[in-house]
Every structure is written in C-alpha cells, then in structure tokens.
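Each chain, letter by letter, is given below.
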Amino acid sequence: MKGTGKWTVQQAADLSVAAPTIAASLDSRFLSGLKEERVEAAKVFKSGGFDDILTDQVVDKAKLMDDVRQAHYASKICSYAQGMNLIRAKSIEKGWDLKLGELARIWKGGCIIRAIFLDRIKKAYDRNPELAGLAVMGQNLALNIAEKGFPISVYNRTTSKVDETVERAKQEGDLPVYGFHDPESFIQSIQKPRVVIMLVKAGSPVDQTIKTLSAYMEKGDCIIDGGNEWYENTERREKEMSGLGLLYLGMGVSGGEEGARNGPSLMPGGSFESYKYIEDILLKVAAQVPDSGPCVTYIGKGGSGNFVKMVHNGIEYGDMQLIAEAYDVLKSVGKLSNEELHSVFSEWNKGELLSFLIEITADIFGIKDDKGDGYLVDKVLDKTGMKGTGKWTVQQAADLSVAAPTIAASLDSRFLSGLKEERFEAAKVFKSGGFDDILTDQVVDKAKLIDDVRQALYASKICSYAQGMNLIRAKSIEKGWDLKLGEMARIWKGGCIIRAIFLDRIKKAYDRNPELANLLVDPEFAKEIIDRQSAWRRVVCLAINSGISTPGMSASLAYFDTYRRERVPANLVQAQRDYFGAHTYERVDMDGSFHTEWFKIAKKLKN
C-alpha cells in the first residue's frame with residue numbers, strides 16, 4: 001500500500017466520522033502482511049484440530065452467488081456512504097463547499113472506482129444536497145498523596161478550587177494539604193529540588209501552566225504532567241525543559257476519580273532521573289495488588305508513558321464496546337430484564353470476566369431512576385462521548401500498520417452513536433419499508449444464550465488486548481523504548497479502568513515468551529479461543545440475523561479468522577493493485593517482484 005488508505009482512516013478518526021468498511025480494508029492489508037506470523041498461527045490452531053475452513057457446507061451455488069452479489073452491493077453502498085460523509089465533514093471544517101453529487105459525477109469514468117451506480121449516488125445528492133489542575137482528579141490525587149504521609153502544596157488559577165481542596169483535606173482526616181492562590185508562593189513553598197505534578201487539560205493549557213510555573217522554578221526542579229497528553233507534546237516539552245535545566249515526566253494516570261483518591265495505575269515516562277525523584281511517593285500512592293506489588297513502573301524514555309496510557313484507553317474503548325454489545329444481545333434478543341442483567345453480570349464478575357468494567361456494569365443495572373419510574377440505564381441517552389485518546393490510538397495503529405479492528409470498531413460505534421438525530425430519521429425511513437428495530441423475534445434458550453455471550457465476550461476481549469499490546473510493541477520498536485509488555489499488564493492489574501483478573505495471565509504469557517508475536521498464539525490463550533469460538537460464532541450470527549450490530553465482536557472474530565489462516569484473499573487485492581497501478585506482486589512459487597500486463601492480456605481474451 002502507498003499510504004492514502006492510512007490517511008483516510010486517520011482523517012476519519014480526526015473528524016469523528018465512522019468509516020468501518022474502509023478501516024476494515026486497511027486492517028486486512030496489515031494482517032495480510034504478517035504472512036510468516038499467519039503461517040505459524042495456522043500451525044498452532046491446526047494442532048488443536050482447527051482447520052483453515054471450519055466446516056464443508058453443502059450449498060446451492062446459484063443461490064450462494066446471488067446472495068454474495070447482493071451482500072457485495074449492500075456493503076459497497078455503505079463504503080461509498082462513509083467516504084462521502086468524510087468528504088462532507090472535511091468540507092465543512094475547511095469551508096470548501098464541496099458538491100458531493102459533482103464528485104460522484106466525475107468518478108463515473110476514468111478512475112479506479114468508476115461504477116454504474118455512481119450515477120445513482122449523484123442523483124441522490126442532487127435530490128438532497130444535505131443527505132447526511134484541581135478538578136476532581138487533581139484534588140483526589142493530592143489527597144491520596146497527603147494521606148500517604150507526604151505534605152503537599154496545591155495551586156489552581158481558580159482560587160475557589162484551592163480552598164475547596166484544603167477544606168476537603170481537613171474533612172477527610174486533617175491531611176497535610178497547603179493551598180496557594182498565586183504561582184510564585186506555590187513554587188516557593190515546595191522543598192528543593194521541587195517536584196510539581198500538573199493535572200490540566202491536554203494541549204495549550206499544559207504549555208500555559210508550564211510557562212506560568214517554570215518562571216519561578218530553578219535548575220534541577222521537576223515537572224510531571226499527569227494528563228492524557230499526546231506523546232509527541234511530552235517529548236517536545238521534555239526538550240524545552242531540558243534547555244531550562246528542568247526535568248520533565250509525562251505520566252499516564254488511570255482509575256478515574258475513585259482511582260486517583262484510593263490508588264490509580266501510574267505510567268510515568270521520560271527522564272529516569274525525574275522518575276527517581278518521585279519514585280517513593282508513586283510506589284505508595286499507586287494501587288497495591290497483593291501478589292504483584294504497586295501498579296506503577298518506570299515505563300521508558302520520551303513520551304512512552306503517555307503513549308502506553310493512550311493505548312490503555314484504546315483497549316478501554318474496545319472493552320466497553322464489547323460489554324455494550326453483550327448487553328444489547330441479551331436485552332434485545334434474549335429479552336433479559338434489568339434485574340436479570342444485574343444478576344448475570346454479577347455472576348460473570350466471579351469468574352474469568354472478573355473486572356472493574358463488568359463490576360460497574362452489574363451495578364448500573366441495579367440502580368433505579370431517582371427522577372421517575374424504572375431503571376436509570378433506560379433513561380440515559382444513547383450518545384457516547386469521548387476525549388480523544390481513542391482517536392489517537394486508531395490513528396497510531398494506521399500509522400504503524402498494526403491491525404486494531406476491535407478498537408477501531410469501538411471508535412466508529414461512538415461516532416455513529418453521536419448521530420442520534422440522523423439515526424432517528426433513518427429508523428423512520430427503514431420502518432416505513434417494514435424494517436423494524438429488531439428484524440425477527442427469535443426463540444432462544446436464555447441460559448444457553450447467556451453462556452454463549454459470556455464466551456463470545458471473553459474471546460473478543462482477548463483480541464482487543466492482543467491488538468493493544470501489538471501496538472505498544474510496534475511503537476516501542478520504532479522509538480527504541482524497549483517496553484516490557486508483561487510489566488504493562490502487571491501495572492494494569494489494579495487501580496485502572498481496564499483492571500481485570502485475566503491481566504495476570506497476559507503477564508504470564510509475556511513472561512513465558514517476551515517475543516510472543518501475538519497473544520492469540522500463546523498456548524493457553526489459543527486453547528481458550530478454540531474452546532469458545534463456536535459460541536462466539538453463534539452469538540455473532542444470531543445478532544446479524546436479528547439486525548443487531550455487534551461491530552466489536554464481529555471485528556474481533558474477523559481478526560482471529562484472518563490471523564489464524566495461512567492464506568487470505570490478499571492475493572486478489574494485490575493483483576488488482578498491479579492491474580491498475582503496476583504496483584507489482586510477489587509469487588508463492590518463486591522469489592522476486594513481478595508485474596503483469598493484465599490489461600493487455602484481458603483485452604486480447606475479450607476479443
């Protein structure tokens with residue numbers, strides 16, 4: 001590939017436009033490039049009795065061909081819709097006033113995607129041109145540090161926040177927290193060499209805070225940014241601070257408000273000297289896991305701490321989406337009540353799915369609405385917010401040619417959830433054609449469905465974590481950070497949002513084999529995937545036939561099926577690329593790079 005596909009996916013993420021078909025095609029190219037890994041993966045799964053094609057099914061060829069034709073056409077419409085929406089979003093952002101119908105017109109001839117149905121796309125747009133510092137985290141971390149016996153000074157531009165924090169410290173045990181209303185007295189109050197931790201909004205507010213505080217700091221002092229910052233900004237600031245004689249750390253902090261107060265997972269990266277300044281405090285402030293110690297470690301050089309936290313958040317996006325899909329299938333197909341869902345998730349939290357996110361999901365299903373009848377979860381608007389780290393994760397995956405379809409699917413789902421008004425109108429359009437929210441009411445065995453969904457959720461979760469770990473490893477190789485994936489899994493076992501019992505098994509997998517190509521081929525995880533794949537397929541098929549989207553589970557299953565197959569249809573894609581662009585191809589039977597005059601040969605055959 002040349003890069004335009006990557007740019008398209010990165011722009012889609014940047015503009016909050018769902019483009020799952022285009023992203024899936026990019027991920028397929030990434031996975032096709034892992035030929036050697038796929039050969040080895042195929043061996044692992046074949047040894048477990050898992051062939052390339054799972055079952056030979058007797059099919060009516062004519063019926064199959066017609067079904068595939070229709071599926072291809074419907075999918076193609078979705079792909080073009082995504083592309084047009086992306087062009088429109090950029091046009092709005094830049095004020096370009098692009099005419100989508102006109103673009104469809106000029107693509108009708110000459111170009112690679114020319115097709116007869118572009119005329120119908122043009123007509124559609126002709127018909128309708130508009131077709132489609134001391135916030136709570138900072139306070140809690142300060143109180144956590146003070147509670148561990150370390151006196152701490154606090155400052156915020158909004159003086160009321162300072163007073164509020166000091167008052168909370170008094171109420172929560174007369175903790176040694178000292179408030180200051182101006183930056184100079186704040187800095188002067190700190191024992192040398194000074195260590196200042198910032199928790200402010202990423203981007204320019206961080207630069208402004210650094211400018212304000214550094215004016216009063218001296219050589220040897222240290223600044224730590226505990227926000228969700230873009231890793232390259234951290235590296236830039238580290239160089240700038242070095243020029244002033246100051247030390248700098250970018251530290252990922254996970255655990256939300258509760259974690260900040262009672263013990264978060266901490267991911268500091270940058271100057272090792274800076275880390276040593278504050279190591280004793282971080283070891284006590286971090287979440288404590290009995291069998292593996294404090295959930296903090298020196299991540300590595302440069303912006304590695306922020307990068308690891310970014311990927312952590314990407315995995316978090318995937319985890320939350322998969323849980324939401326499990327909920328949708330159980331509620332929409334299985335007709336489980338909130339009481340039953342509370343019971344199911346509570347039970348799941350006692351086994352292999354034991355985790356913070358499963359625990360809070362069970363809690364959510366048990367909370368009644370205090371402003372009306374019924375349960376609160378049913379009154380929450382189906383429109384998901386986001387802060388940006390999920391976008392960065394998907395953009396970095398594209399930049400590094402790492403397939404991360406589960407994480408990308410979760411991001412696309414958030415984009416689509418944000419189109420509430422459009423979805424409302426779309427539902428009217430399709431309902432008028434006899435297309436209800438749920439296509440068919442299927443009779444299911446509730447107990448069997450619950451068990452199948454549990455297995456599908458667990459298998460999909462493995463894929464999501466595998467993608468995140470592969471992304472961390474790829475960046476570590478590119479930057480020379482020498483990150484230890486097993487250690488990342490260890491510090492995520494407590495305090496953070498994605499803490500889960502199976503992180504201990506991920507750590508052990510990387511301890512057994514630090515060069516493990518993918519979690520899927522670890523012997524233990526491979527066996528678990530094989531044991532659960534039948535249930536996984538049943539859930540995805542059931543959801544598809546019911547008209548329920550399970551993009552995370554489906555993407556995870558597709559990721560697994562692509563990775564485990566020694567041969568994938570990338571040969572046809574590469575032949576197409578060579579046909580229209582002379583991009584060349586490799587052969588399976590001889591070494592070298594080849595180009596065929598496909599057009600000339602095809603023309604002779606047609607004549």
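Definitions and limits used
Residues numbered from 1 in each chain as written. Predicted model: local features only at pLDDT ≥ 70, side-chain atom pairs only at ≥ 80, totals over all residues. Heavy atoms only, no water. Helix = DSSP H or I, 4+ residues; strand = E, 2+ residues; numbered from the N terminus. Rg over C-alpha atoms; globule rule 2.2 N^0.38 Å. Buried < 20%, exposed > 50% of the residue type's maximum accessible area, 1.4 Å probe, protein only. Areas by Shrake-Rupley, 256 points an atom, 1.4 Å probe, with all protein chains shown as cover. Lys, Arg positive; Asp, Glu negative; His and termini not counted. Charge placed at Lys NZ, Arg CZ, Asp CG, Glu CD. Salt bridge = Lys/Arg side-chain N within 4 Å of Asp/Glu carboxyl O. Contact = heavy atoms within 4.5 Å. Polar contact = N/O pair within 3.5 Å; in protein donor to acceptor, adjacent residues only side chain to side chain. Phe/Tyr/Trp six-rings, centres within 6.5 Å; stacked < 30°, edge-to-face > 60°. Axes fitted to C-alpha atoms, helices over the stretch in contact; angles between N-to-C directions. Parallel < 35°, antiparallel > 145°, perpendicular 65-115°, else oblique. Left-handed = near helix turned anticlockwise from the far one by under 90°. Nonpolar A, V, L, I, M, F, W, Y, C, P; charged D, E, K, R; others polar. UniProt positions renumbered as here; feature names shortened; annotations may be inferred. Expected span 1.5 Å × (residues − 1). Arc of directions from axis to C-beta. Pairing = 2+ DSSP bridges.

Caption draft 1: View of the overall build of the protein. Looking only at helices and strands, the protein features 26 helices and eight strands. Taking 2.2 N^0.38 as the reference for a compact globule, 607 residues should give roughly 25 Å; the C-alpha atoms of the protein span a radius of gyration of 26 Å, in line with that estimate. Dimensions of the protein, computed from C-alpha atoms along their principal axes, come out at roughly 85 × 55 × 55 Å. Scored against the burial criterion, the 607 residues of the protein give a buried share of 48%. Accessible surface, the protein as shown: approximately 30000 Å² in total, 55% of it carbon and sulfur. For the protein, the distance from the average site of its 82 positive side-chain charges to the average site of its 83 negative ones is 5 Å.

Caption draft 2: Main features of the pattern of salt bridges. Taken as a whole, this structure holds 47 salt bridges when the rule is applied. Here Asp 66 makes a salt bridge to Arg 69, at a shortest N to O gap of 2.7 Å. Of this pair, Asp 66 and Arg 69 are both found in helix α4 (residues 61-94), three residues apart, which corresponds to roughly one turn of the helix. Between Lys 475 and Glu 478 there is a salt bridge, with its nearest N and O atoms 2.8 Å apart. With a gap of three residues between them, Lys 475 and Glu 478 both fall in helix α20 (residues 446-479), about one helical turn apart. Among the residues examined, Lys 475 registers a relative accessible area of 2% and is labelled buried.

Caption draft 3: Here's a closer look at the environment of Lys 90. Turning to its location among the elements, Lys 90 is positioned in helix α4. Sequence separation of Lys 90 and Tyr 73 is 17 residues, and the distance between their C-alpha atoms is 26 Å. Apart from the residues lying within four places of it in its own chain, the contact partners of Lys 90 are Gln 11, Leu 15 and Trp 96. There is a polar contact of 3.0 Å between the side chain of Lys 90 and the side chain of Gln 11.

Caption draft 4: Local environment of the environment of Phe 307. Its place among the elements puts Phe 307 in helix α14 (residues 304-332). The class of Phe 307 is buried, set by a relative accessible area of 0%. Along the sequence, Phe 307 and Gly 552 sit 245 residues apart, while their C-alpha atoms lie 23 Å from each other. With sequence-adjacent residues up to four places away left out, Phe 307 is seen in contact with Tyr 231, Gln 396, Leu 400, Leu 471, Ile 472, Lys 475 and Trp 481.

Caption draft 5: Representation of the side chain of Thr 234 in the model. Turning to its location among the elements, Thr 234 is positioned in helix α11 (residues 231-243). We classify Thr 234 as buried; its relative accessible area is 1%. Apart from the residues within four sequence positions on either side, Thr 234 is in contact with Glu 229, Tyr 248, Gly 250, Gly 302, Gly 303 and Asn 306.

Caption draft 6: Expanded view of the packing of aromatic side chains. Under the defined criterion, the tally for this structure stands at 21 aromatic pairs. A ring pair is formed by Tyr 231 and Phe 307, whose centres lie 5.5 Å apart and whose planes are at 90°; its orientation type is edge-to-face. Of this pair, Tyr 231 sits in helix α11 while Phe 307 sits in helix α14, and the two are 76 residues apart along the sequence. Phe 307 carries the same exposure label as Tyr 231, and that label is buried.

Caption draft 7: Region of interest: the packing of α20 against helix α22 (residues 503-512). At a minimum axis separation of 12 Å, α20 and α22 run at an interaxial angle of 50°. As far as their axial angle goes, α22 and α20 are oblique. You can see that α20 and α22 cross each other, and the crossing is right-handed. Along the contact surface, α20 presents Tyr 458, Tyr 465 and Met 469, while α22 presents Leu 503, Arg 505, Ile 506 and Tyr 510. The class makeup of the residues in the contact of α20 with α22 is six nonpolar, no polar and one charged.

Caption draft 8: Highlighting the UniProt feature "domain: 6-phosphogluconate dehydrogenase C-terminal" (unreviewed entry) in the protein. The sites that carry the UniProt feature "domain: 6-phosphogluconate dehydrogenase C-terminal" (unreviewed entry) are, in the present numbering, residues 1-165 and 305-599. Helix makes up 64% of residues 305-599 and strand 0%, and the two end C-alpha atoms of the span are 51 Å apart.

Caption draft 9: Just the packing of helix α17 (residues 389-399) against helix α18 (residues 405-417), in detail. Packing of α17 against α18 leaves a shortest axis separation of 10 Å and a crossing angle of 135°. On the basis of the axis angle, α17 is oblique to α18. With respect to the hand of their crossing, α17 and α18 are arranged in left-handed fashion. Side by side, α17 and α18 meet where Gly 390, Lys 391, Thr 393 and Val 394 of the first sit next to Ile 407, Ala 408, Leu 411 and Phe 415 of the second. Along the lines of polarity and charge, the residues of the contact of α17 with α18 split into five nonpolar, two polar and one charged.

Caption draft 10: Highlighting helix α25 (residues 570-581). Over its twelve residues, α25 runs 16 Å from end to end, which matches the ideal 16 Å to within 8%, given 1.5 Å per residue. Of all the positions in α25, only Ala 575, Arg 577 and Asp 578 are classed as buried. Around the axis of α25, the buried residues are gathered within 160° of arc, so they sit on the same side. Looking at the packing, one finds that the buried side of α25 touches α2 (20-32) and α26 (598-606).

Caption draft 11: Expanded view of the sheet that holds strand β5 (residues 247-254). Pairing in this open sheet of four strands is mixed, and the strands run β3-β4-β5-β6 from one edge to the other. What marks the edges here is a single partner per strand, and that holds for β3 (195-198) and β6 (265-270). Here the average twist between neighbouring strands, direction ignored, is 25°. The pairing of β3 with strand β4 (residues 222-225) spans four bridges and is classified as parallel.

Caption draft 12: Highlighting the pairing of strand β2 (residues 177-180). Looking at chain direction, strand β1 (residues 152-155) and β2 are connected through four bridges and run parallel. Counted as the bridge partner of Tyr 155 is Phe 180 from β2.

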